[in-house]
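For reference, the chains in residue letters:
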Amino acid sequence: NRGMGWYHAVQMLEGRCPSASLDYIIEPWFLGPGAEGPGGPEFNDWAAETAASSGTTFGTSLADLPDPAQPRVALISGRTADNPRLLTECIEAGCKCIYLEKPGAPTVKELQGMKDEAEAAGIEVLMGYNKNVCKYVRKTREFAETVEGSHVTFVSNNAYENTPESLGECFERN
């Protein structure tokens, strides 16, 4: 299984976001203590290939980034418990816009604190979401049930199995 950070990275590397460049990937676990553990060698092989083919720089800390030469956007797709700290570090690294993967923070209080911190710094934060549990998807499914012969298909790039048992993993792994 690969995380959402990997998926977003591949989208940018493959040119699916033509106005974006993927200049840096910060990955403290697989480039540090997790380098030899499950997934570590595969990540490091991919990092080496990606650095060679795209010029993307890999590192372990936002503090190591050079000052931005142009507006910098960050995508935070880390462990939920780390996200409040990562948001602060992104602001300190000169990011002007931050895309924050759901659920954003362990508690509503921490998420509110992150919102306040970003607003005080004049930073725009965009929040990712899980389309499978949002209201418009539920309403679409409910409507489809009222139309004989209707069929609704949702395409997802999540690495999770479509089972109730996997739902907890989707939210709890990070």
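This text follows the structure it describes.
Quantities reported herein were computed from a predicted structural model and do not represent experimental measurements.

1. A short note on the overall build of the protein chain
So, step 1. Looking only at helices and strands, the protein chain has six helices and five strands in total.
So, step 2. Listed by position from the N terminus, the elements making up the protein chain come as α-β-α-β-β-α-β-α-β-α-α.
So, step 3. A burial count over the protein chain gives 28% of its 174 residues as buried.
So, step 4. Within the protein chain, contacts between residues separated by at least 24 positions form 61% of all contacts whose residues are at least 6 apart in sequence.

2. Here we look at the pattern of salt bridges
Where side chains of opposite charge bring their charged atoms close, a pairing between them can arise.
So, step 1. All told, the structure shown has five salt bridges when counted by the stated rule.
So, step 2. Here Asp82 makes a salt bridge to Arg79, at a shortest N to O gap of 3.3 Å.
So, step 3. Residue classification places Arg79 among the partly exposed residues on the basis of a relative accessible area of 48%.
So, step 4. Within the structure, one salt-bridge network assembled from shared partners comprises Arg79, Asp82, Arg85 and Glu89.

3. Comments concerning the side chain of Arg72
So, step 1. By the secondary structure assignment, Arg72 is in strand S3 (residues 72–76).
So, step 2. Here Arg72 sits buried without a salt bridge, and the closest side chain of opposite charge, Asp67, lies 6.5 Å off (N-O distance).
So, step 3. Within the local environment of Arg72, its side chain forms a polar contact with the backbone oxygen of Pro66, the two atoms lying 2.9 Å apart.
So, step 4. Among residues more than four places away in sequence, those in contact with Arg72 are Tyr24, Leu65, Pro66, Asp67, Ala93, Gly94, Cys95, Lys96 and Cys97.

4. A look at helix H1 (residues 4–13)
So, step 1. Tyr7, His8, Ala9, Val10 and Gln11 are the residues of H1 that are buried.
So, step 2. On the buried face of H1, the contacting elements are strand S1 (24–26), helix H2 (40–54), S3 and strand S4 (95–100).
So, step 3. Positioned one or two residues after H1, Gly15 has a phi angle of 80°, which is positive.

5. A few points about the pairing of S4
So, step 1. Across five bridges, the pairing between S3 and S4 is parallel. Following the sheet pairing, Arg72 is matched in S4 by Cys95.
So, step 2. In the classification by handedness, the crossover that spans S3, the intervening helix H3 (residues 83–92) and the parallel S4 is right-handed.
So, step 3. With four bridges connecting them, S4 and strand S5 (residues 124–127) associate as parallel partners. Counted as the bridge partner of Tyr99 is Leu126 from S5.
So, step 4. As a crossover connection, the stretch from S4 through helix H4 (residues 108–121) into S5 is right-handed.

6. Details of the nonpolar core
Looking at soluble globular proteins, one finds that nonpolar side chains tend to be buried together.
So, step 1. Core analysis: the largest hydrophobic core is formed by 16 residues, its most contacted members being Ile76, Leu87, Cys90 and Ile98.
So, step 2. Looking at this core, the elements that each hand over two or more residues are S3, H3, S4 and H4.
So, step 3. The element that contributes the greatest number of residues to this core is H3, accounting for four residues.
So, step 4. Excluding residues that lie within four positions of it along the chain, Ile76 makes contacts with Asn83, Leu86, Leu87, Cys90, Ile98, Tyr99, Leu100 and Glu101.
So, step 5. By size, the runner-up hydrophobic cluster in this structure holds eight residues, among which are Leu22, Ile25, Ala47 and Phe58.

Rules used throughout
- Residues numbered from 1 in each chain as written.
- Predicted model: local features only at pLDDT ≥ 70, side-chain atom pairs only at ≥ 80, totals over all residues.
- Heavy atoms only, no water.
- Helix = DSSP H or I, 4+ residues; strand = E, 2+ residues; numbered from the N terminus.
- Buried < 20%, exposed > 50% of the residue type's maximum accessible area, 1.4 Å probe, protein only.
- Contact = heavy atoms within 4.5 Å.
- Salt bridge = Lys/Arg side-chain N within 4 Å of Asp/Glu carboxyl O.
- Lys, Arg positive; Asp, Glu negative; His and termini not counted.
- Polar contact = N/O pair within 3.5 Å; in protein donor to acceptor, adjacent residues only side chain to side chain.
- Pairing = 2+ DSSP bridges.
- Right-handed = clockwise from strand over helix to strand, strands pointing away.
- Core = buried A, V, L, I, M, F, W, Y, C linked by side-chain atoms within 4.5 Å.

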